[in-house]
Amino acid sequence: MSQSKVTMEVGNDGVAVITISNPPVNALAIPIIDGLKEKFAEATRRNDVKAIVLTGKGGRFSGGFDINVFTKVHGTGDVSIMPDVSVDLVTNAVEDCKKPIVAAVEGLALGGGLEFAMGCHARIAAPRTQLGLPELSLGVIPGFGGTQRLPRLVGLSKAIEMMLSSKPIMSEEGKKLGLIDALVPSKELLKVSCAWALDMAERRKPWLRSLHRTDKIGSLSEAREVLRMARLQAKKTAPNLPQHQVCLDVIEEGIVHGGYSGVLKEAKVFKEIVLSDTSRGLVHVFLAQRATSKVPNVTDVGLKPRQVKKVAIIGGGLMGSGIATALIVNNIFVVLKEVNSEYLLKGIKTVEANVRGLANRGKITKDKAEKALSMLKGVLDYSEFKDVDMVIEAVIENVALKQKIFSEIEKACPPHCILATNTSTIDLNLIGEKMNSQDRLIGAHFFSPAHLMPLLEIVRTQKTSPQIILDLMTVGKVIKKVPVVVGNCTGFAVNRTFFPYTQGSHLLVNLGVDAYRIDRVICNFGFPLGPFQLQDLAGYGVAFAVGQEYAKAFSDRIFESPLLELLVKEGRNGKNNGKGYYIYEKGSKAKPDPSVLSIIEESRRLTNVMPGGKPISVTDREVLEMILFPVVNEACRVLDEGVVVRASDLDVASVLGMSFPSYRGGIVFWADMVGANHVYRSLKKWSEMYGSFYKPSKLLEERAMKGIPLSAPATSSASTKSRL
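Please read all numbers here as calculations on a predicted model, not as lab measurements. (Residues numbered from 1 in each chain as written. Predicted model: local features only at pLDDT ≥ 70, side-chain atom pairs only at ≥ 80, totals over all residues. Heavy atoms only, no water.)

What is the right way to read the overall build of the protein from this model?
A count of helices and strands for the protein gives 30 helices and 19 strands. For a compact globule of 724 residues, the expected C-alpha radius of gyration is about 27 Å, and the protein comes in at 28 Å, within 12% of that figure. For the protein, buried positions account for 56% of its 724 residues. For the protein, long-range pairs separated by at least 24 residues make up 73% of all intrachain contacts whose partners lie at least 6 apart in sequence. Per element, the accessible surface of the protein, about 30,600 Å² overall, is 54% carbon and sulfur. (Helix = DSSP H or I, 4+ residues; strand = E, 2+ residues; numbered from the N terminus. Rg over C-alpha atoms; globule rule 2.2 N^0.38 Å. Buried < 20%, exposed > 50% of the residue type's maximum accessible area, 1.4 Å probe, protein only. Contact = heavy atoms within 4.5 Å. Areas by Shrake-Rupley, 256 points an atom, 1.4 Å probe, with all protein chains shown as cover.)

How should I be thinking about the packing of helix α5 (residues 146-154) against helix α11 (residues 259-273) in this particular structure?
Angle between the axes and distance between the axes: these two values describe a pair of packed helices. It is the contact of α5 with α11, at a shortest axis distance of 8 Å, that shows an interaxial angle of 140°. The angle between the axes of α5 and α11 places the two elements in the oblique class. Facing Gly146, Thr147, Gln148 and Arg152 of α5, the residues of α11 in contact are Gly259, Gly262, Val263 and Glu266. Residue composition of the contact of α5 with α11, grouped by class: one nonpolar, five polar and two charged. (Axes fitted to C-alpha atoms, helices over the stretch in contact; angles between N-to-C directions. Parallel < 35°, antiparallel > 145°, perpendicular 65-115°, else oblique. Nonpolar A, V, L, I, M, F, W, Y, C, P; charged D, E, K, R; others polar.)

What is the right way to read the pattern of salt bridges from this model?
Side chains carrying opposite charge are able to pair once their charged atoms draw close together. Per the counting criterion, the structure on display carries 38 salt bridges. With its nearest N and O atoms 3.6 Å apart, the salt bridge here joins Lys205 to Asp199. Overall, Lys205 belongs to the partly exposed group, its relative accessible area being 26%. Assessed through its relative accessible area of 18%, Asp199 is described here as buried. For Asp471, the salt bridge goes to Arg306, with nearest N and O atoms at 2.7 Å. Of this pair, Asp471 sits in helix α18 (residues 466-478) while Arg306 is found in the loop between α12 (277-291) and β10 (310-314), placing the two residues 165 residues apart along the sequence. Taking relative accessible area as the criterion, Asp471 reaches 1% and is therefore assigned buried. A single salt-bridge network, built from bridges that share partners, covers Arg496, Asp556, Arg557, Glu634, Arg637 and Glu641. (Salt bridge = Lys/Arg side-chain N within 4 Å of Asp/Glu carboxyl O.)

Help me understand unusual backbone geometry in this model?
When glycine is set aside, most residues are seen to have a negative phi, and most peptide bonds are trans. In this chain, Pro23 is followed by Pro24 through a cis amide linkage whose omega measures 5°. Counting through the fold element by element, Pro24 comes out in the loop between β2 (15-21) and α1 (30-45). Note that the residue after Ser448, namely Pro449, is joined by a cis bond; omega there is -5°. Counting through the fold element by element, Pro449 comes out in the loop between β15 (441-446) and β16 (455-460). Even without being glycine, Phe492 reaches a positive phi, approximately 55°. Along the chain, the position of Phe492 falls in the loop between β17 (482-487) and α19 (494-510). Residue Phe492 is classed as buried on the basis of its relative accessible area, which comes to 0%.

Got a minute to help me understand the sheet that holds β15 in this structure?
Strand pairing in a sheet takes place through backbone hydrogen bonds and is either antiparallel or parallel in direction. Judged by pairing direction, the sheet is mixed, and its eight strands sit side by side in the order β12-β11-β10-β13-β14-β15-β16-β17 without closing on themselves. The sheet is open, and its two edges are formed by β12 (376-379) and β17, each paired on a single side. Averaged over neighbouring strand pairs, the angle between their axes works out to 25° when direction is ignored. Note: β10 against strand β11 (residues 333-337), five bridges, orientation parallel. Looking at the pairing, Val311 lines up with Val334 of β11. (Pairing = 2+ DSSP bridges.)

How should the pairing of strand β6 (residues 122-125) be read in this particular structure?
Each regular strand carries side chains that alternate between the two faces of the sheet. Residues Ala122 and Ile124 point to one face of β6 and Arg123 and Ala125 to the other, with burial holding for every one of them. Both strand β4 (residues 101-105) and β6 contribute to a ladder of four bridges, which runs parallel. Its bridge partner lying in β6, Ala104 is registered against Ile124. Pairing of β6 with strand β9 (residues 182-183) involves two bridges; the strand directions are parallel. Its bridge partner lying in β9, Ile124 is registered against Ala182.

Can you help me understand the domain arrangement of the protein in this one?
Frequently, the measure chosen for interface size is the accessible area that the parts lose on association. Taken domain by domain, the protein consists of domain 1 (5-275), domain 2 (310-488) and domain 3 (494-706). Distance from the C-alpha centre of domain 1 to the C-alpha centre of domain 2: 44 Å. (Domains from an automatic or database assignment.)

What should I look at first to understand helix α22 (residues 540-553) in this one?
The α-helix winds at 3.6 residues per turn, so residues separated by three or four positions along the chain end up facing the same way. Given a rise of 1.5 Å per residue, 14 residues ought to cover 20 Å, and the 20 Å separating the end C-alpha atoms of α22 matches this to within 8%. Within α22 the residues assigned to the buried category are Tyr540, Val546, Glu549 and Tyr550. Those residues of α22 that are buried are in contact with α19, α21 (531-538) and α23 (563-569). (Expected span 1.5 Å × (residues − 1).)

Help me understand the nonpolar core, please; the structure alone is not making it clear to me.
Generally speaking, a soluble globular protein has its nonpolar side chains buried in company with each other. One finds Val391 and Tyr581 to be the most contacted residues of the largest nonpolar core, which totals 97 residues. Take this core: its biggest share by element is twelve residues, from helix α25 (residues 620-640). Domain assignment of the residues forming this core places at least three in each of domain 2 (310-488) and domain 3 (494-706). In terms of nonpolar packing, the next biggest core, distinct from the first, is built from 73 residues, Ile52, Leu54, Phe116 and Phe144 among them. (Core = buried A, V, L, I, M, F, W, Y, C linked by side-chain atoms within 4.5 Å.)

Help me out: how do you make sense of the sheet that holds β9 in this one?
In space, the six strands of this open sheet follow the order β1-β2-β3-β4-β6-β9, with mixed pairing throughout. Each edge of the open sheet carries a strand with a single partner, namely β1 (5-10) and β9. Judged from the six bridges that link them, β2 and strand β3 (residues 51-56) form a sheet pairing that is parallel. Across the sheet, residue Val15 finds its bridge partner in β3, namely Ala51. In the packing of α1 onto the sheet, contacts are made with β1, β2, β3 and β4, and the angle to β1 comes to roughly 20°.

Help me out: how do you make sense of the side chain of His506 in this one?
Relative to the helices and strands, His506 is located in helix α19. Of the polar contacts made by the side chain of His506, one reaches the side chain of Ser561; its length is 3.1 Å. Here His506 is in contact with Phe532, Gln535, Phe559, Ser561, Leu563, Leu564 and Tyr581, once residues within four sequence places are set aside. (Polar contact = N/O pair within 3.5 Å; in protein donor to acceptor, adjacent residues only side chain to side chain.)

Before we go on, may I ask you to explain the UniProt feature "domain: 3-hydroxyacyl-CoA dehydrogenase NAD binding" (unreviewed entry) in the protein in this structure?
Per the UniProt annotation, the sites labelled "domain: 3-hydroxyacyl-CoA dehydrogenase NAD binding" (unreviewed entry) are residues 310-488. End-to-end, the C-alpha atoms of residues 310-488 are 26 Å apart, and along that stretch the chain is 39% helix and 22% strand. (UniProt positions renumbered as here; feature names shortened; annotations may be inferred.)

Please explain the pairing of β2 as it appears in this structure.
Of all seven residues that make up β2, seven are buried, and the element is covered over most of its length. Both faces of β2 are covered, namely the face carrying Val15, Val17, Thr19 and Ser21 and the face carrying Ala16, Ile18 and Ile20. Of the strand pairs in this sheet, β1 and β2 are connected by six bridges, and their pairing is antiparallel. Opposite Val10, over in β2, you have Ala16 as the bridge partner.

It is not clear to me how the state of the cysteines should be interpreted in this structure. Could you clarify?
Where two cysteines share a covalent bond between their sulfur atoms, that bond is called a disulfide. Scanning the entire structure with this criterion turns up zero disulfides. Cysteine Cys413 is unpaired, with the sulfur of Cys417 as its nearest cysteine sulfur at 4.1 Å. (Disulfide = S-S within 2.5 Å.)

See below:
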């Protein structure tokens with residue numbers, strides 16, 4: 001904490017400049033908050049200080065409250081660790097100060113940083129400064145008065161939108177809305193802020209307390225209508241997130257009973273909601289995502305990442321074109337290779353459609369879209385591969401074909417080139433069997449659609465060089481993905497962990513549970529789609545290919561269902577041809593297809609697993625657990641074998657790759673909240689009733705018996721070393 005301090009300098013003009021210094025983002029850690037209390041008290045006391053300017057060192061105002069404090073609160077359950085900032089400091093010491101205070105804002109003012117700035121009597125900002133209150137994305141609400149001051153400065157509707165979406169705005173918009181009083185170039189920020197503060201002291205400029213303003217809130221009936229609509233919208237878009245409704249309650253308190261009353265309610269409610277499971281889950285995922293960038297023996301051995309400027313992609317299908325899109329929109333040249341001109345043209349058209357789609361949705365500008373498309377070149381042979389920095393193979397899941405490609409590209413590419421495969425299931429050692437330079441072989445497993453899904457699963461073998469891993473991690477960050485490094489095995493970390501998810505849902509259907517009910521239960525838990533609609537979306541061909549790989553690798557715990565084959569026999573292929581478990585018609589939502597029920601009945605007859613030939617009777621909670629506990633069980637095997645560096649990597653991967661609800665903290669975190677003992681006892685009971693698919697793993701049994709969390713580091717270092 002040596003770099004972490006608050007300083008104060010008083011100029012000859014009588015302005016005290018208080019500076020927050022806590023690199024990299026000037027987070028409001030507890031020592032910083034203590035330092036601010038001290039400096040504000042001193043500046044208020046001193047007779048030679050006429051006015052105060054608050055700013056941040058290094059071109060950043062403040063990124064907000066130190067999230068590590070949340071972790072301590074979650075670990076101990078002790079809310080008294082949270083300092084009293086809202087009333088004691090922002091309201092009493094800053095806003096009600098007898099001397100004017102100006103916030104000189106630059107770079108970013110997020111969360112507590114913006115709340116501090118709103119407590120000041122004016123805000124002067126540099127261009128392109130981010131302003132926002134992202135607290136709801138961590139399961140809490142703004143806690144330093146933000147729920148009260150933002151509506152008073154920008155109007156109720158805009159304030160609600162900013163808080164509920166957790167998205168920042170730029171200072172240019174802030175100026176139009178009235179959140180910012182003036183925009184000035186960075187180099188003049190401090191000078192203008194000091195002059196502004198003196199003008200306020202001399203009554204040449206208005207001296208306003210945000211909490212006392214009501215001019216932007218409108219009448220009570222208008223405000224209540226805005227809040228009512230916001231509540232309905234939040235119920236629809238965030239049904240399982242309590243912080244949205246709580247935030248709206250607190251805003252309403254201030255509108256009905258006044259700003260001070262609102263601030264007191266905010267402080268009380270914050271201390272309750274910070275202990276919620278939602279906050280625990282979201283804070284865990286946030287910090288776990290940061291931790292993925294630390295990989296032992298890769299990021300800590302002094303290696304420097306090499307720049308990847310040009311990438312060749314083999315295969316222009318759905319995955320290849322998606323990967324190409326992700327690269328070119330982030331300024332990396334792409335050579336796209338296909339086997340014939342018809343396939344090549346189709347691939348290029350798909351990339352063009354992807355890029356135009358991003359531009360139409362406002363994700364990138366039209367200029368950027370044109371520039372991106374100029375960075376794509378289609379080829380039919382390897383002649384353009386001589387100067388590429390990386391190759392990504394994205395062809396169908398066929399071992400012989402992949403082996404052939406890798407022995408060819410090894411000869412065609414320069415010796416520094418990264419040789420990557422986008423396989424989702426096949427063991428990398430098998431793919432690289434015929435290669436000489438196996439140290440350059442790595443898995444770059446993107447999730448579909450590759451230009452939109454945020455996860456990049458980086459798969460290393462025991463021979464992959466640390467430099468290659470680091471280079472690919474860097475590419476992942478450049479193309480705005482979250483890279484998670486995992487070990488090599490069938491299905492790797494994410495798909496392997498979730499292979500029982502589809503299987504469990506098929507087993508339940510064959511046990512007599514309604515497929516649409518299963519989808520509904522899974523969606524209510526927080527997944528965007530249920531397992532059957534997801535299968536419709538992915539297409540049945542993928543499910544077949546992947547299923548065969550798992551059947552070979554994990555034959556001891558497979559449930560084989562004839563349902564997919566029966567669907568295909570009936571001419572169904574999910575969303576691809578508009579007919580699956582659901583009916584897909586253009587322009588309307590997917591609807592359950594009643595004619596599937598006879599196919600399901602046939603599957604039940606063939607599997608004959610219903611006890612006494614009668615459908616089982618289960619609650620919604622049991623449906624959920626019978627699908628997700630086998631996933632937890634497989635996660636335990638993945639942890640035991642050391643396929644991931646740490647349990648939290650699997651949490652991040654499950655959220656970003658499988659859309660596991662982030663507010664539940666990821667698959668391992670959620671299992672620990674449910675309790676290893678409950679998971680173990682349930683699986684043991686079901687394995688006795690329905691067979692080996694549910695058989696508990698060794699690690700799960702061990703942890704349940706000893707009362708150790710599943711997320712605790714593995715004890716057996718031998719197995720860990722075998723994978724990573």
